[in-house]
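# Structural overview
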Amino acid sequence: MSGNNYNDDGWEPVTRLGRKVQEGEIDTMEAALNSGLPLKEPEIVDQLLPGLDDEVLDINMVQRMTDSGRRVKFRCVVVVGNRDGYVGYAEGRDDQVGSAIQKAIGIAKLNMLKVPRGSGSWEDRSERPHSLSRRTTGKAGSVEVEVIPAPEGLGLAASDTVRHVLELAGLENAWTKSHGNTRTTVNLAKATFNALENASQSRQPAPRTSDRDEAEVADQ
């Protein structure tokens, strides 16, 4: 694991979002994600979230037969994050392992999302955002991963692959459940990331009518 410091000296933005970031009109990752503009330059993430950590979860050799013979490429699965609510995931392919890793890191930055952290466990009384605000599920291939809010002090009850993704997202406590062919690292990692993405896209449920009425009575 290493801090990934991208050298953006001389960066010339080619997208509207990139220009807004370089000019200081957008100065946070949250504002960039909420701008409605597509994130197409990894340098944007480098500028708004400096010092990201990255973790190579899997390296696999892929062979393919072509007219000129057998061609070998490497597929690398990478997750990046700031350990404080932002995480990205991607796969990269190249003839060289190092180049495949760098490709994956660049793509993972473009897939960056904000994780809705909180203390969603009914057993928890902490006000610190150390877990998820609600349970979530993600799928990839035959693998399904469920991430459940846990009270402070439990830690991450997860396999190594799932734990790496959650740690880089800034989660400290969570229960997890995995189903399917969980020995396939790429699907297990992707299902975990998809679960976090589903959580980021869902909204807090509106209070039930009975709950709202009770609250109104209590205020009277």
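Now for a quick tour of the structure. This one's a predicted model, so the numbers in the text were calculated from it and none came from an experiment.

## Digging into the overall build of the protein chain
Counting its regular elements, the protein chain contains 7 helices and 11 strands. In the structure as shown, the protein chain presents an accessible area of about 12100 Å², 44% of it carried by carbon and sulfur atoms.

## Notes on the nonpolar core
For soluble globular proteins, nonpolar side chains are generally found buried alongside one another. If you look at the biggest cluster of nonpolar residues, it comprises 27 residues, and the most contacted ones within it are Val87, Val115, Val147, Leu166, Leu171 and Leu196. Examining the composition of this core, we find that 7 residues originate from one element, helix α6 (residues 185–201), more than from any other. Apart from the residues lying within four places of it in its own chain, the contact partners of leucine 171 are Val115, Arg117, His130, Ser131, Leu132, Leu156, Leu166 and Leu196. Core analysis: the next-biggest nonpolar cluster, separate from the first, contains 24 residues, Met29, Leu39, Val45 and Leu49 among them.

## Re the pattern of salt bridges
Any two side chains of opposite charge can pair if their charged atoms end up close together. Applying the stated criterion across every chain yields a total of 12 salt bridges. Where glutamate 30 meets lysine 114, a salt bridge forms, and the shortest distance between an N and an O atom there is 3.2 Å. You can see glutamate 30 sitting in helix α2 (residues 29–33) and its partner lysine 114 sitting in strand β5 (residues 113–114), a full 84 residues away along the chain. Take glutamate 30: its relative accessible area is 36%, and that puts it in the partly exposed class. Residue classification places lysine 114 among the partly exposed positions, given a relative accessible area of 37%.

## What about helix α5 (residues 160–169)?
Looking at α5, one finds that the buried residues are Thr161, Val162, Val165, Leu166, Leu168 and Ala169. Taken around the axis of α5, the buried residues stretch over an arc of 165°, which confines them to a single face. Trailing α5 by a residue or two, glycine 170 shows a phi angle of about 95°, which is positive.

## Section: the sheet that holds strand β9 (residues 143–149)
Across the sheet, which stays open at both edges, the 4 strands sit in the order β8-β9-β11-β10 with mixed pairing between neighbours. Across the chains shown, the open sheet's two edge strands, defined by having one partner strand only, are β8 (136–140) and β10 (156–157). Strands in contact with α6 are β8, β9 and β11 (174–179); relative to β8, the strand with the most contacts, it is inclined by about 140°.

## Some thoughts on the layout of surface pockets
Estimated volume of the largest pocket: approximately 210 Å³. Forming the boundary of the largest pocket are Glu30, Ala32, Leu33, Asn34, Leu37, Leu39, Leu110, Met112, Leu113 and Lys114. For the lining of the largest pocket, the secondary structure elements donating two or more residues are α2 and β5. In terms of residue count, the dominant contributor to the lining of the largest pocket is α2 (3 residues). Counted by class, the lining of the largest pocket contains 7 nonpolar, 1 polar and 2 charged residues.

## A look at the side chain of arginine 134
Within the secondary structure, arginine 134 is located in the loop between β7 (131–132) and β8. As a buried residue without a salt bridge, arginine 134 has its nearest oppositely charged side chain in glutamate 146, at a separation of 12 Å. At 3.2 Å, the side chain of arginine 134 forms a polar contact with the backbone oxygen of alanine 199.

## Topic: the pairing of β11
Strand direction decides the pairing type here: β9 and β11, joined by 6 bridges, are antiparallel. Paired with glutamate 146 across the two strands is lysine 177, which belongs to β11. Pairing of β10 with β11 involves 2 bridges; the strand directions are parallel. In the sheet register, alanine 157 faces β11, and the bridge partner there is tryptophan 175. After leaving β10, the chain enters α5 and then returns to the sheet as β11, a path that is left-handed.

## Let's talk about the packing of α5 against α6
Contact geometry of α5 with α6 gives a least axis separation of 9 Å together with a crossing angle of 35°. In the packing of α5 onto α6, the handedness of the crossing is right-handed. For the pair α5 and α6, contact is made by Thr161, Val162, Val165, Leu166 and Ala169 and by Thr185, Leu188, Ala189, Thr192, Phe193 and Leu196, respectively. Residue composition of the contact of α5 with α6, grouped by class: 8 nonpolar, 3 polar and no charged.

## Digging into unusual backbone geometry
One non-glycine residue with positive phi stands out, namely arginine 83, at about 60°. Overall, arginine 83 belongs to the partly exposed group, its relative accessible area being 33%.

Procedures and definitions
Residues numbered from 1 in each chain as written. Predicted model: local features only at pLDDT ≥ 70, side-chain atom pairs only at ≥ 80, totals over all residues. Heavy atoms only, no water. Helix = DSSP H or I, 4+ residues; strand = E, 2+ residues; numbered from the N terminus. Areas by Shrake-Rupley, 256 points an atom, 1.4 Å probe, with all protein chains shown as cover. Core = buried A, V, L, I, M, F, W, Y, C linked by side-chain atoms within 4.5 Å. Buried < 20%, exposed > 50% of the residue type's maximum accessible area, 1.4 Å probe, protein only. Contact = heavy atoms within 4.5 Å. Salt bridge = Lys/Arg side-chain N within 4 Å of Asp/Glu carboxyl O. Arc of directions from axis to C-beta. Pairing = 2+ DSSP bridges. Axes fitted to C-alpha atoms, helices over the stretch in contact; angles between N-to-C directions. 1 Å grid on protein atoms, 1.4 Å probe; cavity = no way out; pocket = protein on both sides within 12 Å on 5 of 7 lines; lining within 4 Å. Points joined across faces, edges and corners; volume = space filled by probe spheres on them. Nonpolar A, V, L, I, M, F, W, Y, C, P; charged D, E, K, R; others polar. Lys, Arg positive; Asp, Glu negative; His and termini not counted. Polar contact = N/O pair within 3.5 Å; in protein donor to acceptor, adjacent residues only side chain to side chain. Right-handed = clockwise from strand over helix to strand, strands pointing away. Left-handed = near helix turned anticlockwise from the far one by under 90°.

Function-wise, these values are silent; they only describe arrangement.
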